[in-house]
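Observations on the three-dimensional arrangement
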Amino acid sequence: MTIMGTPRLRKEDPKLLTGEGKFIDDIHAHGELWMGMVRSPHAHAKIQSIDTTEAAAAPGVHSVYTGAELQEMGLWVAPLPCAWPVTEDMVNPPHYPVAADEVRHVGDLVAVVLCDSRYGAVDAAELVEVDYEPLPVVASIDAAVTDAVMANTDISSNKAYSWALEPDPEAVDAAFAAADHTVVGEFVQQRLIPAAMEPRGVLAIPAPFGGDITFYTSTQVPHIMKVMLAATTGIAENKIRVIAPAVGGGFGAKLNVNPDEILAVTLANKIGLPVRWTETRSEAAFSTHQGRGQNQKIEIAADANGKILGIRVHLDADMGAYMMLLTPGVPLLGSFLYTGVYDVPAFGFTCDGYFTNMTPTDAYRGAGRPEASYAIERAMDLLALEVGVGPDEIRRRNFLAGGEAFENLETASTLVFDSGNYGPNLEKALKLADYASLKAEQQRRREAGESKQLGIGMCTYVEICGLAPSRALAGLNYGAGGWEHAMIRFLPTGTVEVVSGSTPHGQGHETSWSMIVADKLGVDPDDVHVLHSDTAHSPLGLDTYGSRSLAVGGTAIAMACDKVVDKARLIAAHQLEANPDDLEFDGGMFRVKGTPTAEIPIQGIAYEAFTAHNLPDGMEPNLQEQVTFDPENFVFPFGTHIAVVEVDEDTGGVTLVGYTAVDDCGPQVNPMIVQGQMHGGIVQGVAQALWEEASYDEAGNCKNPSFLDYLVPSPMEVPNMVLDSTVTPSTSNPLGVKGAGEAGTIGSAAAVINAVCDALSPYGVTDISMPATPQKVWRILRDAKGGEA
Amino acid sequence: MDQLTHRGIFVQIDMTVNGRACSADVEDRTLLVHYLRDHLELTGTNVGCDTSSCGACTVHIGGQSVKSCTVLAAQVRGADVTTIEGMATDGELHPMQEAFRQCHGLQCGYCTPGMVMAATSLLSENANPTEAEVREGLEGNLCRCTGYQNIVKSVLSVGGQS
Ligand code: FES
Ligand code: FES
């Protein structure tokens, strides 16, 4: 290993830096028609009538279709897919791309216009006249739980499912009965808008003859898309080619199968012309799923020393108006993590999923795990207060394996954690942040009565990623496997093609995969070309989400390289007239041990394999191998994040003034990329803690769909972060690697809110809901100070 | 309603883009960003929002950075426009592009053209900015991937050299 583990500049960058990267809206097809979307202004209503006459007569309009007309045209054979029916009896009324009789969230599609220009499509859509009969609206989880109003006239309760992970309920009851201390945390995971900078878009291009269709879409999941398109539209899977071009960020928001995607493919297929659409930013609040949306209750029972005896968790989760691809499963992904990095003898988790009349929810960076980490890490601070020890000490007292290194440890949540070493990680972070000095400075400001108080908060998270062992997914009733596929192809002239089933959207896979291959095969990383994101080039794959690419896809690549070397060794031995066991392979060269002159480079073997003139008897020509890797276990990255905030007591303003993170994702292939992932992930979690919330009024309108009032942080709001790492290899794959894409987000929200609460603690404040806006902080302070702020 | 269905007046718009004289017949209401993207096929300039908030569409007009989604193409007839496609010369990245590459100042790359354009214009006004000045100068440019740390580092590295 010489290249892996070193920072290496990215192959992807020159294109992206010069404007040559082709994103979805940059790609065009001759004769293309733009979809103009007619969306409901009501959160819940019956469609009385639709008049499309004026729209149909508008300049450039090709056709207009209402939901009812589309339904009659028989464009789809099944409703939009939900791949994760978490229970046998989960309620999931059929959801078609365009509503025919009832709309269930603002922005629900009711009709679509096809027009020959970008602007014309939007204009024409505005000319469609729809009469609605408004229905009562469910605009919050609390409202859904009461069942006073139904979010869908086809259901008799808003509750879609109840799911439980209760390995030993009696043990949990006994733990609470025996407790010296109990704490209860009730937290709200507000809805978030994922807001990848590139809006989603589609372009479906039908072949003039033969029924083939090429579908460009800004997706994280072209392979899953292809399967789902076939299942939903009835178009034969082998007629469909899905291409994810350059994708401008995903964060989970681009892993769905959306109404617009089904529409574009089926309409293009039907009319024989290319069909396209790009969402506007404000439209994205309705056309792309949102994240989070949970009410959490966590209870901890502990003994007199603060040692945890048991944890009980209940969630009410907001599904939104429809079950999208993974909607119901998102809370389950977090369920195993409510015990955090702690030794918890007894654990129980229950979750109810509710329909509401809001944009559907689904995965957003971390998907279930930031929520879990937030709840347990906030509750640990409550426990520390209750017991009267510091937040660091309460964690030390409870770390799994006493804070020492472990491998393959079964936890109360029934999972086996691959590896961990939590104590040293915490101590490293405390030292790096200079925790003692921060506490001293905090004390000084308090004593001086300064208006800007300091708060220091920590989060010792663990996450579960590397999705996923297929059998574990089966246990969760997930509709697909969790493997990943890779092929390594030596070309005759000595360069290498890697075919990968994972689909990058900013993570730098081409660079990292080249580094793995370069080390494994002893070739120059620049001689490695990575093919991905196009189902014609890379036919097998399960794509990119859940921090799975390296741990599953990267492992498949490494294993395929090993197979290539194994085959090449046989050819080399044949050509060098040596025993394969007597050959060493180093730096791309096969050598007969002890006979340094007898050597042959692997590129030479590739050429021999191509000509096939002189191969061992019975060997197939060509040097290429493939591997489908299905991991035995998940991977469990962990780390300690420490946030430092300044709270202005006069204004309630919270400023993040320092951030230290020591993460452990096992060995790092490209530390530069890992750090970049951490930076971005951390800021997304900080944003949840301090600024972002998709807020809805009682009528179910999202009040802040655009960037004017949905506060994605700018460079002004965040400080430089100080990062370091520890390295604890995973036992779940031969590279020992874990995942880094979501860890930052999983660690940061709790650290920041713990810091805000720490700053306010002299006033007896123990909790504040996210986002901790100036107004909220100011009010809490005013109330805590007895009404005068 | 009549105005909405009206397909605008088509006008010929000429300007110099990346040193080349360009011309296209477009609807009078065409935004500069769509003139560049849809008519001149210079798709490096991106659209990230509809409220002039994100800066993905930043270009230079007469050397000044402008959000090209906030101007009509017709308003800048005859102007001298530079887009991201005009930054590299003779196959060599512009120093700001090179800095972004060296400092890992981009991930998905969607905000990047706008960031590079805004950053070069920032440095043309203040050759040696502090970290705080860089952050303030790029306030109108959003990035969802990088947490800004390496973007700021990229800009500072060029500033420090100049
Ligand atoms: S697209 Fe111009 S500022 Fe966002
Ligand atoms: S690099 Fe993705 S938005 Fe900035």
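Residues numbered from 1 in each chain as written. Chains lettered and ligands numbered in written order. Predicted model: local features only at pLDDT ≥ 70, side-chain atom pairs only at ≥ 80, totals over all residues. Heavy atoms only, no water.

1. Overview of the overall build of chain B
Scanning chain B from terminus to terminus reveals 6 helices and 5 strands. For chain B, the α and β elements follow one another from N to C terminus as α-β-β-α-β-β-β-α-α-α-α. Radius of gyration (C-alpha) of chain B: 16 Å, near the 15 Å computed for a compact globule of 162 residues. For chain B, the residues scored as buried account for 56% of the 162 residues in total. The long-range share in chain B, meaning contacts at least 24 apart out of those at least 6 apart in sequence, stands at 54%. Total accessible area computed for chain B in this model is approximately 6,500 Å², and 47% of it derives from carbon and sulfur atoms. (Helix = DSSP H or I, 4+ residues; strand = E, 2+ residues; numbered from the N terminus. Rg over C-alpha atoms; globule rule 2.2 N^0.38 Å. Buried < 20%, exposed > 50% of the residue type's maximum accessible area, 1.4 Å probe, protein only. Contact = heavy atoms within 4.5 Å. Areas by Shrake-Rupley, 256 points an atom, 1.4 Å probe, with all protein chains shown as cover.)

2. Regarding the confidence of the model for chain B
All names here are of chain B. Averaged over every residue, the pLDDT of chain B is 94; residues scoring 70 or more account for 94%. Note that residues 1-5 has pLDDT below 50 and, in this model, 6 contacts with residues that lie over four places away or in other chains. Across the assembled chains, the prediction reports ipTM 0.97 with pTM 0.97. (pLDDT = per-residue confidence, 0-100.)

3. Things to note about the interface of chain B and chain A
Listed as interface residues are 53 residues of chain B and, on the opposing side, 64 residues of chain A. Between chain B and chain A lies a buried interface of about 5,000 Å² when both sides are counted; carbon and sulfur atoms form 56% of it. Where chain B packs against chain A, one counts 5 salt bridges. One salt bridge connects A:Glu692 with B:Arg144, and the closest N-O pair in it is separated by 2.6 Å. The interface formed by chain B and chain A includes 27 residue pairs in polar contact (both at pLDDT 80 or more). When contributions to the side of chain B that touches chain A are tallied by element, the ones reaching two or more residues are helix H1 (2-5), helix H2 (32-39), helix H3 (95-102), helix H4 (112-125), helix H5 (131-137) and helix H6 (149-161) of chain B. A total of 4 residues in the side of chain B that touches chain A trace back to one element, the largest contributor, which is H3(B). Classifying every residue of the side of chain B that touches chain A gives 20 nonpolar, 20 polar and 13 charged. (Buried area = accessible area lost by both parts, 1.4 Å probe. Salt bridge = Lys/Arg side-chain N within 4 Å of Asp/Glu carboxyl O. Polar contact = N/O pair within 3.5 Å; in protein donor to acceptor, adjacent residues only side chain to side chain. Nonpolar A, V, L, I, M, F, W, Y, C, P; charged D, E, K, R; others polar.)

4. Quick look at the sheet that holds strand E4 (residues 102-103) of chain A
All names here are of chain A. Reading across from one edge, E4-E2-E6 is the order of the 3 strands in this open sheet, with antiparallel pairing throughout. Of all the strands in the sheet, just E4 and strand E6 (129-134) have a single pairing partner and so form its edges. As defined by bridge partners, strand E2 (residues 45-51) adjoins E6 across 6 bridges and the pair is classed as antiparallel. Note that in E6 the partner of Ile 50 across the bridge is Val 130. (Pairing = 2+ DSSP bridges.)

5. Here's the deal with the pairing of strand E16 (residues 406-410) of chain A
Residues and elements named next belong to chain A. In this sheet, strand E17 (residues 416-420) lies alongside E16 in antiparallel orientation, the contact comprising 4 bridges. Across the sheet, the residue bridging to Phe 406 is Gly 420, located in E17. Hairpin connection from E16 to E17: 5 residues lie between these consecutive antiparallel strands, with Thr 414 at a positive phi of about 80°.

6. Digging into the sheet that holds strand E23 (residues 589-592) of chain A
Residue and element names in this part refer to chain A. Read from one edge to the other, the open sheet built from 3 strands follows the order E22-E23-E24, with strand pairing classed as antiparallel. Unpaired on one side and paired on the other, strand E22 (583-586) and strand E24 (595-601) mark the two borders of the sheet. Across this sheet, the average inter-strand angle for adjacent strands is 30°, counted without regard to direction. Here 4 bridges tie E22 to E23, and the two strands are oriented antiparallel to one another. Of the residues in E23, the one forming a bridge with Glu 584 is Arg 591. Sheet strands in contact with helix H17 (residues 549-576) are E22, E23 and E24, and its direction is about 130° off that of E22. (Axes fitted to C-alpha atoms, helices over the stretch in contact; angles between N-to-C directions.)

7. Overview of the domain arrangement of chain B
Residue and element names in this part refer to chain B. Examined at the domain level, chain B breaks down into domain 1 (3-86) and domain 2 (95-159). Centre-to-centre separation of domain 1 and domain 2, based on C-alpha positions: 22 Å. At the interface, 18 residues of domain 1 touch 14 residues of domain 2. Taken over both partners, the interface formed by domain 1 and domain 2 buries close to 1,200 Å², and the fraction arising from carbon and sulfur atoms is 53%. Connecting domain 1 to domain 2 are 0 salt bridges. Put simply, domain 1 and domain 2 have 9 residue pairs in polar contact (both at pLDDT 80 or more) between them. (Domains from an automatic or database assignment.)

8. Some remarks on helix H18 (residues 602-611) of chain A
Residues of H18(A) that are buried: A:Ile602, A:Ile605, A:Ala606, A:Ala609 and A:Thr611. The inward-facing, buried residues of H18(A) contact strand E19 (484-490), helix H16 (509-521), H17, E22, E23 and E24 of chain A.

9. Re the domain arrangement of chain A
How big an interface is tends to be expressed through the accessible area that disappears when the partners come together. Residue and element names in this part refer to chain A. With domains assigned, chain A is organised as domain 1 (13-135 + 198-248 + 254-287), domain 2 (294-467 + 633-784) and domain 3 (483-629). Measuring from the centre of the C-alpha atoms in domain 2 to the corresponding centre in domain 3 gives 40 Å. Listed per partner, the contact involves 20 residues of domain 2 and 19 residues of domain 3. Taken together, both faces of the contact between domain 2 and domain 3 bury some 1,300 Å²; the carbon and sulfur share is 67%. Among the residues domain 2 hides against domain 3, the three largest losses belong to Leu 467, Val 669 and Leu 735. Together they make up 39% of the total. Summed over the shared surface of domain 2 and domain 3, the number is 0 salt bridges. Linking domain 2 to domain 3 there are 4 residue pairs in polar contact (both at pLDDT 80 or more). Here the residues of the side of domain 2 that touches domain 3 sort into 9 nonpolar, 7 polar and 4 charged.

10. Description of the packing of H3(B) against H4(B)
All names here are of chain B. Contact pair H3 / H4: the axes reach a minimum separation of 9 Å and the direction vectors enclose 120°. It follows that H3 is oblique to H4 by the angle criterion. Between H3 and H4 lies a crossing of right-handed hand. Residue-level inspection shows Met 96, Gln 97 and Phe 100 of H3 in contact with H4, the latter providing Thr 112, Met 115, Val 116, Ala 119, Thr 120 and Leu 123. (Parallel < 35°, antiparallel > 145°, perpendicular 65-115°, else oblique. Left-handed = near helix turned anticlockwise from the far one by under 90°.)

11. Section: the pattern of salt bridges
Residue and element names in this part refer to chain A. In the structure shown here, the tally under the stated rule is 48 salt bridges over all chains. Note that Asp 526 is salt-bridged to Arg 8, the shortest N-O span being 3.7 Å. Of this pair, Asp 526 sits in the loop between H16 and strand E21 (528-531) while Arg 8 sits in the segment before helix H1 (13-17), and the two are 518 residues apart along the sequence. Taking the relative accessible area as the measure of exposure, Asp 526 reaches 56% and is therefore exposed. When its relative accessible area of 26% is taken as the criterion, Arg 8 is described as partly exposed. As a salt-bridge pair, Glu 371 and Arg 292 come within 3.9 Å of each other at their nearest N and O atoms. Of this pair, Glu 371 sits in helix H11 (residues 369-387) while Arg 292 sits in the loop between helix H9 (281-287) and strand E13 (294-302), and the two are 79 residues apart along the sequence. On the basis of relative accessibility, which here comes to 1%, the residue Glu 371 falls in the buried class.

12. Considering the nonpolar core
Residues and elements named next belong to chain A. Residues Met 35, Tyr 161, Leu 263, Leu 267, Tyr 659 and Val 752 are the most contacted members of the largest nonpolar core, which totals 213 residues. The element that contributes the greatest number of residues to this core is helix H20 (residues 743-760), accounting for 12 residues. Apart from the residues lying within four places of it in its own chain, the contact partners of Tyr 161 are Val 86, Thr 87, Met 90, Met 319, Met 323, Pro 328, Pro 331, Leu 332, Cys 351, Asp 352 and Gly 353. Residues Cys 561, Phe 585, Ala 598 and Met 619 belong to the second largest nonpolar core, which totals 49 residues. (Core = buried A, V, L, I, M, F, W, Y, C linked by side-chain atoms within 4.5 Å.)

13. Focus on H2(B)
The buried count for H2(B) comes to 6 of 8 residues, which makes it a mostly enclosed element. Residues of H2(B) that are buried include every one of B:Leu32, B:Val33, B:His34, B:Tyr35, B:Leu36 and B:Arg37, and no others. Contacts made by the buried residues of H2(B) are with helix H4 (118-126) of chain A together with strand E1 (10-17), strand E2 (20-27) and strand E3 (58-61) of chain B. Looking one or two places after H2(B), you find B:Glu41, whose phi comes out positive at around 55°.

14. Regarding unusual backbone geometry
With omega at -5°, the peptide bond leading from A:Leu467 into A:Ala468 counts as cis. Relative to the elements of secondary structure, A:Ala468 occurs in the loop between strand E18 (452-462) and helix H15 (470-475). The peptide bond linking A:Met770 to A:Pro771 adopts the cis configuration, its omega dihedral lying at -10°. Despite not being glycine, A:Ser533 shows a phi value in the positive range, around 65°. Here the phi dihedral of B:Asp90 falls at roughly 50°; this positive angle occurs in a residue that is not glycine. The exposure class of B:Asp90 is exposed, given its relative accessible area of 80%.

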